[in-house]
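# Coordinate inspection notes
Chain by chain, the residues:
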Amino acid sequence: MQELLSCTNVVFHCAATVRFNDSLRHAVQLNVTATQKLLLMASQMPKLEAFIHISTAFSNCNLQHIDEVIYPCPVEPKKIIDSMEWLDDAIVEEITPKLIRDWPNTYTYTKALGEMVVHQESGNLNIAIVRPSIVGATWQEPFPGWVDNVNGPSGLIIATGKGFLRALRGAPMAVADLIPVDTVVNLTLAVGWYTAVHRPKSTLIYHCTSSNFNPCHWGKMGFQILATCEKIPFERAFRRPYADFTTNTITTQYQNAVSHWAPAIIYDLYLRLTGRKPRMTKLMNRLLRTVSVLEYFVNRSWEWSTNNTEMLMSELSPEDQRVFNFDVRQLNWLEYIENYVLGVKKYLLKEDMAGVPEAKQHLRRLRNIHYLFNTALFLIAWRLLIARSQMARNVWLFIVSLCYKCISYFRASSSLKA
Ligand SMILES: CCCCCCCCCCCCCCCCCCCCCCCCCC(=O)SCCNC(=O)CCNC(=O)[C@H](O)C(C)(C)COP(=O)(O)OP(=O)(O)OC[C@H]1O[C@@H](n2cnc3c(N)ncnc32)[C@H](O)[C@@H]1OP(=O)(O)O
Ligand SMILES: NC(=O)C1=CN([C@@H]2O[C@H](COP(=O)(O)OP(=O)(O)OC[C@H]3O[C@@H](n4cnc5c(N)ncnc54)[C@H](OP(=O)(O)O)[C@@H]3O)[C@@H](O)[C@H]2O)C=CC1
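These remarks concern the structure in this document.

The rules behind the values
Residues numbered from 1 in each chain as written. Chains lettered and ligands numbered in written order. Predicted model: local features only at pLDDT ≥ 70, side-chain atom pairs only at ≥ 80, totals over all residues. Heavy atoms only, no water. Near = heavy atom within 4 Å. Polar contact = N/O pair within 3.5 Å; in protein donor to acceptor, adjacent residues only side chain to side chain. Areas by Shrake-Rupley, 256 points an atom, 1.4 Å probe, with all protein chains shown as cover. Helix = DSSP H or I, 4+ residues; strand = E, 2+ residues; numbered from the N terminus. Nonpolar A, V, L, I, M, F, W, Y, C, P; charged D, E, K, R; others polar. Pairing = 2+ DSSP bridges. Axes fitted to C-alpha atoms, helices over the stretch in contact; angles between N-to-C directions. Contact = heavy atoms within 4.5 Å. Expected span 1.5 Å × (residues − 1). Parallel < 35°, antiparallel > 145°, perpendicular 65-115°, else oblique. Left-handed = near helix turned anticlockwise from the far one by under 90°. Phe/Tyr/Trp six-rings, centres within 6.5 Å; stacked < 30°, edge-to-face > 60°. Buried < 20%, exposed > 50% of the residue type's maximum accessible area, 1.4 Å probe, protein only. Patch = residues over 30% accessible without salt bridge, like charges linked within 9 Å, V, L, I, M, F, W, Y side chains within 5 Å. Salt bridge = Lys/Arg side-chain N within 4 Å of Asp/Glu carboxyl O. Lys, Arg positive; Asp, Glu negative; His and termini not counted. Charge placed at Lys NZ, Arg CZ, Asp CG, Glu CD.

In this section: the site of ligand 1. Around ligand 1, the structure places 32 residues, and the nearest of them are Arg19, Phe20, Tyr107, Gly152 and Arg289. Between ligand 1 and Arg19, the relevant distance is 2.7 Å, taken from an oxygen atom to a side-chain nitrogen or oxygen of the residue. Taking Gly152, its main chain carries an N or O atom lying 2.8 Å from an oxygen atom of ligand 1. Within the complex, the protein chains bury 78% of what would otherwise be the 1500 Å² of accessible surface of ligand 1. No other element matches the six residues that helix H8 (residues 218-231) contributes to the shell around ligand 1. Broken down by class, the residue content of the shell around ligand 1 amounts to 19 nonpolar, ten polar and three charged.

Here is the structure:
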């Protein structure tokens, strides 16, 4: 502690819980109280030049247009911190929806409270706040496509590529504000430099977002994910990678029943019959729970103003602009998403490119099983229909006699030619 206090020049405060469904108590502890404690610690660092707090562009996702300012929270963070000391877990859980109001989860709510704490308790510290949007794989450094966790879209890319996720409730034309992790790092370092050297009079907030400079939509992203999974498939897929966005509750429920639950139940039945432990319904349950907490962000678009970020860009020397590049106007989304999917395959799934021919072969087998299954289903349905309806029987007899006549005709004409 003594060494930290006496030697630290710059603090980058990134630690947080990023789980959307964390209990309010835990999220307050990590995202609010810890920020308060770190500010206190920073105030005892004589050599401190800058304190950079990492928040999220979604800390005010209850608003549609978000400026580079700190918005007041309905309840003072200090009151929330105090109440967590004496309220028991059951009561905290009961009042959570009332406290978080129109925030979708405890994560975004406590990140907003964290910003308020920074604002109120900054004292004489030289502070800046960086708000990244949805952090994705690297764009350039150390190499394209590097990723090390399933947060944000990464987990759903796996679920799509492996054929588990077939439908997602989302708006294809909503803005997908993804930002590569190396861009976030470069911008954060540049903010550290600017805050320490230029010492702005007030706390500056920097939106580390892409939509203002180079917008991409979920539809385009989904399309490119599928195209890449088709070209370079993941190994041992459950079904062929195919997915679509649904836009209302009825189609979502239909897709969940037909495309998610039915194949999982059938597969588990097959596992049981072959003496193995069923696992697909459990996996599907977990996937759909994850989807339900993420889909809020795929159904809306936000606008973030980026004046401070643009100002920072113009303050950097041409050499620093190159080294600490955070200008996403140069980013080619299709190329980025393809590298992202390949990064997921390589760094998360640990799959080798040598396995691609076998993965393609597996997809062809799945396609044949799919055709076979659909044909069998059609024949069973047709057979049941024939048993019940005279009209269906007549149609069937007509088709059979037509086929018979065609075959006889071709047979006769070929024997005449011979
Ligand atoms: C027109 C043509 C079209 C073509 C169409 C194609 C169409 C379709 C193609 C679609 C392609 C995709 C594009 C769309 C993507 C949209 C994403 C939007 C993201 C927005 C994020 C916004 C973020 C705001 C930015 C921020 O500022 S924040 C940072 C982001 N924070 C997070 O992303 C935390 C999420 N996670 C949790 O909130 C918790 O994890 C919790 C999940 C609740 C479980 O929670 P719980 O049930 O308690 O259990 P866990 O132990 O946590 O997890 C239990 C198990 O679920 C696993 N799992 C954790 N996560 C994820 C995850 N993501 N995805 C998958 N799995 C996950 C974990 O590995 C563990 O598996 P296991 O190890 O057991 O096998
Ligand atoms: N991922 C995203 O899409 C976005 C993330 N952010 C913000 O970026 C920051 C980093 O997030 P991300 O990298 O995604 O999340 P991770 O969960 O990967 O990283 C969180 C970090 O916090 C540390 N941490 C958690 N709890 C504690 C604790 N009690 N004491 C000390 N350290 C702790 C973790 O340490 P350890 O590894 O040791 O557990 C980990 O290094 C967060 O502030 C998040 O809000 C903002 C916008 C988007």
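With that settled, consider the sheet that holds strand E1 (residues 10-13). Spatially, E1-E2-E4-E8 is the arrangement adopted by the four strands of the open sheet, whose pairing is parallel. Edge positions in the open sheet fall to E1 and strand E8 (204-208), since each of these has one partner strand only. Averaged over neighbouring strand pairs, the angle between their axes works out to 15° when direction is ignored. Inspection of the sheet shows E1 paired to strand E2 (residues 50-54) by four bridges, in the parallel sense. For Val11, the partnering residue across the bridge sits in E2 and is Phe51. Running over the sheet, helix H2 (residues 24-42) touches E1, E2 and strand E4 (127-132) and is turned about 170° from E2.

Now for helix H13 (residues 333-348). Taking 1.5 Å of rise per residue, 16 residues should cover 22 Å, and H13 covers 21 Å from first to last C-alpha, within 8% of that figure. As for H13, its buried residues are in contact with strand E5 (134-136), helix H6 (153-161), strand E7 (178-180), H8 and helix H14 (356-388). Backbone geometry just after H13 places Lys350 at a positive phi near 55°.

So, on to the site of ligand 2. Looking at ligand 2, there are 16 residues lining it, with Cys14, Tyr107, Lys111, Ser133 and Val135 nearest. Between ligand 2 and Cys14 there is a distance of 2.7 Å, counted from an oxygen atom to a backbone nitrogen or oxygen. In this structure, Ala16 approaches ligand 2 through a main-chain N or O atom, which is 3.2 Å from an oxygen atom. Out of a free accessible area of 890 Å², ligand 2 has 51% covered by protein chains. Among the elements of the structure, helix H5 (106-120) and E5 are those that each provide at least two residues to the shell around ligand 2. By residue class, the composition of the shell around ligand 2 is ten nonpolar, five polar and one charged.

Bringing the packing of H6 against H8 into the picture now. For the pair H6 and H8, interaxial distance at closest approach is 10 Å and the crossing angle is 50°. Relative to H8, the element H6 lies oblique. In this structure, H6 crosses over H8, and the sense of that crossing is right-handed. Facing H6, whose interface residues are Pro153, Ile157, Thr160 and Gly161, H8 presents Met221, Ile225, Leu226 and Cys229. Residue classes in the contact of H6 with H8 are distributed as six nonpolar, two polar and no charged.

A separate point is the packing of aromatic side chains. Counted under the stated rule, the structure contains 20 aromatic pairs. Ring geometry for Tyr409 versus Phe410: centroids 5.6 Å apart, planes at 70°, classification edge-to-face. A single burial state applies to Tyr409 and to Phe410, both of which are exposed. Pairwise contacts between aromatic rings join Phe20, Phe58, Tyr107, Tyr296, Phe297, Trp302 and Trp304 into one cluster.

This next bit is on unusual backbone geometry. The step from Glu141 to Pro142 runs through a cis peptide bond, and the omega angle for that step is -5°. Phi is positive for Arg101, close to 45°, though the residue is something other than glycine. By the element assignment, Arg101 lies in the loop between helix H4 (89-100) and H5. The phi torsion at Lys350 lies on the positive side, around 55°, for a residue other than glycine.

What follows concerns a positive patch on the surface. Taken together, the side chains of Lys277, Lys282, Arg286 and Arg289 present a region of like positive charge at the surface. Following the sequence through the fold, Lys277 ends up in the loop between helix H9 (249-273) and helix H10 (280-294). A relative accessible area of 73% places Lys277 in the exposed class.

So, about the environment of Leu348. Inspection of the secondary structure puts Leu348 in helix H13. Along the chain, Leu348 and Val147 lie 201 residues apart, while their C-alpha atoms are 7.2 Å from each other. Setting aside residues no more than four positions away along its own chain, Leu348 makes contact with Val147, Asp148, Asn149, Ser154, Ile158 and Gly343.

Turning next to the side chain of Glu68. Tracing the sequence through the fold places Glu68 in the loop between strand E3 (65-66) and helix H3 (77-86). One polar contact links the side chain of Glu68 to the main-chain amide nitrogen of Asn307, over a distance of 3.0 Å. Residues within four places of Glu68 in sequence aside, it is in contact with Arg131, Ile205, Tyr206, His207, Ser305, Thr306, Asn307, Asn308 and Thr309.

Another point: the pattern of salt bridges. Summed over the entire model, instances satisfying the criterion amount to eleven salt bridges. Between Glu115 and Arg131 there is a salt bridge whose closest N-O contact spans 2.7 Å. Here Glu115 is found in helix H5, whereas its partner Arg131 is found in strand E4, with 16 residues between them in sequence. Note that Glu230 is salt-bridged to Arg240, the shortest N-O span being 3.4 Å. With Glu230 in helix H8 and Arg240 in the loop between H8 and strand E9 (244-246), this pair connects stretches of sequence that are ten residues apart. Judged by its relative accessible area of 26%, Arg240 is partly exposed.

Coordinates in, geometry out; function isn't part of it.
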